[in-house]
Amino acid sequence: MENEGLAARLEQLTRHWVPPGLVILCMLIAVLPGIMPYWSDVAPALALIPLYYWSIYRPDLIGMTSAFLLGVLQDMLTGVPLGVNALLFVLIQAVVSGQRRFFLAKPFFVAWWGFAMVIAVALPIKYLLVAMLYGDFTPLSNLVFHMLLTAAMFPPVGWVCARTQMALLQDE
Amino acid sequence: MQGGSSGRAVTVSALFRRFKLAALILVAFALMLIGKADAVLVERVSTTLTDAVAPMMRVLSRPASAISQGLEEVRELARLREENTLLRAENARLKHWQMVARNLDAENVQLRNLLNLPAPPQQSFVTARVVGDTGGAFAHSFLVAVGRQQGVRKGSAVMTADGLIGRVAQVGFRSARILLITDINSRLPVQVESTRVRALLVGDNTEEPVLSFIGNNAVIRPGDRIVTSGHGRAFPPGLPVGVVTSVDAENGTVRMQPFVDRNRVEYVRIVDWGLDGILDVNRPAPFIGANPPAVPAPVSEAPAARASPPAVDDIPVGPAAEDIAAQPAEP
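Note that this is a predicted model, so its numbers are computed, not measured.

## Details of the pattern of salt bridges
All names here are of chain A.
Point 1. For the structure shown, the criterion picks out eight salt bridges over all chains.
Point 2. Its salt-bridge partner being D60, residue R58 comes within 3.0 Å of it at the nearest N-O pair.
Point 3. Accessibility expressed as a relative area gives 12% for R58, which makes it buried.
Point 4. A residue is classified by how much of its surface remains accessible, and D60, at 54% relative accessible area, is exposed.

## Here we look at the confidence of the model for chain B
Note: predicted coordinates in regions of low pLDDT should not be interpreted at a detailed level.
Residues and elements named next belong to chain B.
Point 1. This prediction gives chain B a mean pLDDT of 78; 80% of its residues lie at or above 70.
Point 2. Contacts of residues 283-331 to residues separated by more than four positions or lying in other chains number 62 contacts, the stretch itself having pLDDT below 50.
Point 3. In the predicted assembly, ipTM is 0.86 and pTM is 0.75.

## Thoughts on the interface of chain A and chain B
Point 1. Contact with chain A, which involves 47 residues of that partner, is made by 46 residues of chain B.
Point 2. At the boundary of chain A with chain B, total buried surface from both sides reaches about 4000 Å², with 71% on carbon and sulfur atoms.
Point 3. Our count for the contact surface shared by chain A and chain B stands at nine residue pairs in polar contact (both at pLDDT 80 or more).
Point 4. Looking at the side of chain A that touches chain B residue by residue, the class counts come to 32 nonpolar, twelve polar and three charged.

## So, the pairing of strand 4 (residues 164-171) of chain B
All names here are of chain B.
Point 1. Of all the eight residues making up strand 4, eight are buried; the element is thus mostly covered by neighbouring parts of the structure.
Point 2. Summarising the sheet, strand 3 (residues 157-159) and strand 4 pair through three bridges and their orientation is antiparallel. Of the residues in strand 4, the one forming a bridge with M159 is L164.
Point 3. Taking the residues that link successive antiparallel strands as the turn, the strand 4-strand 5 (residues 176-180) hairpin has four residues.

## Here's the deal with the pairing of strand 10 (residues 240-247) of chain B
All names here are of chain B.
Point 1. Here strand 9 (residues 225-228) runs beside strand 10; their pairing, made up of three bridges, is antiparallel. Looking across to strand 10, one finds that I226 is bridged to G242.
Point 2. Strand direction decides the pairing type here: strand 10 and strand 11 (residues 254-258), joined by five bridges, are antiparallel. Paired with V244 across the two strands is M256, which belongs to strand 11.
Point 3. Following strand 10, the chain reverses through six residues before pairing antiparallel with strand 11; G252 in that reversal takes a positive phi of roughly 75°.

Criteria and cut-off values
- Residues numbered from 1 in each chain as written.
- Chains lettered and ligands numbered in written order.
- Predicted model: local features only at pLDDT ≥ 70, side-chain atom pairs only at ≥ 80, totals over all residues.
- Heavy atoms only, no water.
- Salt bridge = Lys/Arg side-chain N within 4 Å of Asp/Glu carboxyl O.
- Buried < 20%, exposed > 50% of the residue type's maximum accessible area, 1.4 Å probe, protein only.
- pLDDT = per-residue confidence, 0-100.
- Contact = heavy atoms within 4.5 Å.
- Buried area = accessible area lost by both parts, 1.4 Å probe.
- Polar contact = N/O pair within 3.5 Å; in protein donor to acceptor, adjacent residues only side chain to side chain.
- Nonpolar A, V, L, I, M, F, W, Y, C, P; charged D, E, K, R; others polar.
- Helix = DSSP H or I, 4+ residues; strand = E, 2+ residues; numbered from the N terminus.
- Pairing = 2+ DSSP bridges.

Right, dumping it as structure tokens:
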């Protein structure tokens with residue numbers, strides 16, 4: 001009986017680690033070298049997709065503090081000034097989870113459109129923060145391609161998030 | 001009554017949420033300030049993290065590398081015959097150059113002996129696989145799965161068979177971050193190989209960094225080869241860096257294409273010449289009020305490396321000046 005309780009708790013713990021785990025996995029995939037030519041110049045901010053997804057569907061599993069810590073992790077991994085992604089992740093989590101009722105039970109395209117809106121605001125903020133901290137502007141064209149590629153990656157990554165939610169978290 | 005208490009709970013929860021959001025935003029800004037003020041601390045924390053994820057990245061990068069290798073092989077198969085002809089021609093040319101190099105090498109040794117010039121610094125190197133290409137649109141850096149454990153030192157040059165690609169900016173125990181010469185924070189003292197015109201190679205996160213601080217009367221043309229100048233004692237002189245691609249006469253912008261295509265790099269060689277140069281963190285800070293350097297300080301540091309005190313007191317000391325000083329006094 002006690003063993004069963006422990007197993008159930010372990011299973012629950014594992015499930016609760018799935019959403020942040022998916023964000024971390026996306027972070028790592030985004031920085032893998034040589035996925036395709038010129039990938040590294042405009043590599044999409046893949047981690048924003050699961051962050052956005054879970055902020056709508058399971059904000060209880062990635063709260064503001066988790067988003068902040070994941071952002072710090074992203075900062076350290078990618079070598080951009082510390083705090084930039086942390087700020088971005090917190091803002092995205094707070095805004096999207098605040099507006100989640102609008103997206104719930106809506107078609108996929110609405111979620112995609114919402115994500116495009118979020119990155120259209122968030123990534124220029126990141127661009128300006130980085131420019132301020134570096135004291136110089138990085139090429140604007142890279143930012144535009146980075147945004148377009150990030151938006152384009154929403155369907156496959158969003159699909160993985162949806163499948164994960166259905167497989168692991170639906171019965172909660 | 002119950003509705004009132006639940007309404008109050010919602011208000012308290014919303015207030016708490018707002019307070020938490022404001023606090024986290026403040027902490028994020030505080031982190032940005034700390035990153036600027038205490039780069040050493042941030043670097044230490046950051047390398048601990050990269051040490052932890054490097055093994056994971058190594059495992060993850062294998063399938064990605066296999067996929068890209070497969071695609072490359074298909075592409076190469078398509079133009080095998082054409083490439084074979086090109087390689088034959090190149091081989092003939094290289095054989096000629098090998099002969100020239102051998103002659104020059106022998107002559108160089110003789111002349112060095114005649115002049116009593118000390119031999120150039122000995123190098124030691126570590127070969128590493130690139131496991132992360134980080135930063136995307138915002139930074140140009142690589143992560144490699146070797147670190148202090150394998151003898152990697154901060155400031156070492158990072159090369160491929162084609163030329164210089166960057167330098168080691170952060171070293172962890174089993175991982176290191178390489179700042180590429182195209183990164184917006186990279187500053188590298190270089191010179192034109194044929195004319196010895198000096199310049200500072202300034203990265204701007206594009207594929208073609210800019211040559212700055214070129215002398216007024218210097219002439220640089222597209223096609224000129226750029227090599228390291230050895231100033232700042234960070235790298236030895238003569239490492240191939242790139243070739244000048246464009247010279248804008250109107251605004252004086254000179255751009256250079258690095259010899260190394262970062263999109264094709266799988267392995268890098270981290271070379272240590274034992275030169276501490278500007279990255280020697282143990283060197284005491286320069287005396288305030290000391291005479292300024294004879295030339296404008298050619299090197300500024302990346303954020304990761306900014307922590308080291310900029311030893312501007314002896315930046316102009318190049319190998320040539322050092323070698324002259326090393327000669328015995330005349331009898």
